[in-house]
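# Results of the structural survey
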Amino acid sequence: MADVKVEVRANGPNRVTGPIEIVDQSGNNYTIPEGQWVSLCRCGASNNKPFCDGGHRDAGFEAPSEAQ
């Protein structure tokens, strides 16, 4: 099985490369196959949470990309 990778992108979302399974509070499953990726919002501006829709650009979101 491949490793899951989380990439913190400068002034943007967290990009997660699968295989992963995301389950929301209603029990809906979103499966990301091995080798594919999804961007998860970390700015709060997305209209498609938890997924990024690029809203961080219009919101002027700035955050470091270094893990602390």
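The sections below set out a description of the structure shown in this document. Keep in mind the model is a prediction, meaning the values are calculated, not measured.

### A short note on the pattern of salt bridges
Applying the stated criterion across every chain, the model contains 1 salt bridge. For glutamate 7, the salt bridge is made with arginine 9, and the minimal N-O distance between the two is 3.8 Å.

### Structural notes on a nonpolar patch on the surface
Nonpolar side chains collect at one region of the surface, where Val4, Val6 and Val8 lie side by side and expose about 220 Å² of accessible area between them. Among the structural elements, valine 8 can be located in strand 1 (residues 5-8). Owing to a relative accessible area of 30%, valine 8 belongs among the partly exposed residues under this scheme.

### Some points on the packing of aromatic side chains
According to the stated counting rule, one finds 1 aromatic pair in the structure shown. Taking 5.4 Å as the distance between ring centres and 75° as the angle between the ring planes, the aromatic pair formed by tyrosine 30 and phenylalanine 51 counts as edge-to-face. A residue pair is termed long-range when its members are at least 10 positions apart, and tyrosine 30 in strand 4 (residues 29-32) and phenylalanine 51 in the loop between strand 5 (37-40) and helix 1 (55-59) qualify at 21 residues. Exposure remark for tyrosine 30: the relative accessible area of 34% places this residue in the partly exposed category. Over the face of the ring belonging to tryptophan 37 we find arginine 15, whose NZ or CZ atom lies 3.6 Å from the ring centre.

### Comments concerning the side chain of serine 46
Summarising the element assignment, serine 46 is placed in the loop between strand 5 and helix 1. Here the side chain of serine 46 touches asparagine 48 through a polar contact of 2.9 Å, landing on its backbone nitrogen. Of the polar contacts made by the side chain of serine 46, one reaches the backbone oxygen of phenylalanine 51; its length is 2.6 Å. Not counting residues within four places of it along the chain, the set of residues in contact with serine 46 comprises Cys41, Phe51, Cys52 and Asp53.

### Observations concerning the state of the cysteines
In the structure shown here, the tally under the stated rule is 0 disulfides. No disulfide involves cysteine 41; its sulfur sits 3.9 Å from the nearest other cysteine sulfur, which is in cysteine 43. A relative accessible area of 26% means that cysteine 43 is categorised as partly exposed.

### Observations regarding the environment of glutamate 7
Mapped onto the elements, glutamate 7 comes out in strand 1. On the basis of relative accessible area, glutamate 7 is assigned to the partly exposed category, the value being 32%. Residues glutamate 7 and histidine 56, 49 residues apart in the sequence, show an inter-C-alpha distance of 16 Å. If sequence neighbours within four positions are ignored, glutamate 7 has contacts with Pro13, Asn14 and Arg15.

What counts as what
- Residues numbered from 1 in each chain as written.
- Predicted model: local features only at pLDDT ≥ 70, side-chain atom pairs only at ≥ 80, totals over all residues.
- Heavy atoms only, no water.
- Salt bridge = Lys/Arg side-chain N within 4 Å of Asp/Glu carboxyl O.
- Patch = residues over 30% accessible without salt bridge, like charges linked within 9 Å, V, L, I, M, F, W, Y side chains within 5 Å.
- Areas by Shrake-Rupley, 256 points an atom, 1.4 Å probe, with all protein chains shown as cover.
- Helix = DSSP H or I, 4+ residues; strand = E, 2+ residues; numbered from the N terminus.
- Buried < 20%, exposed > 50% of the residue type's maximum accessible area, 1.4 Å probe, protein only.
- Phe/Tyr/Trp six-rings, centres within 6.5 Å; stacked < 30°, edge-to-face > 60°.
- Lys NZ or Arg CZ within 6 Å of the ring centre and 35° of its normal.
- Polar contact = N/O pair within 3.5 Å; in protein donor to acceptor, adjacent residues only side chain to side chain.
- Contact = heavy atoms within 4.5 Å.
- Disulfide = S-S within 2.5 Å.

By themselves these figures say nothing about function.
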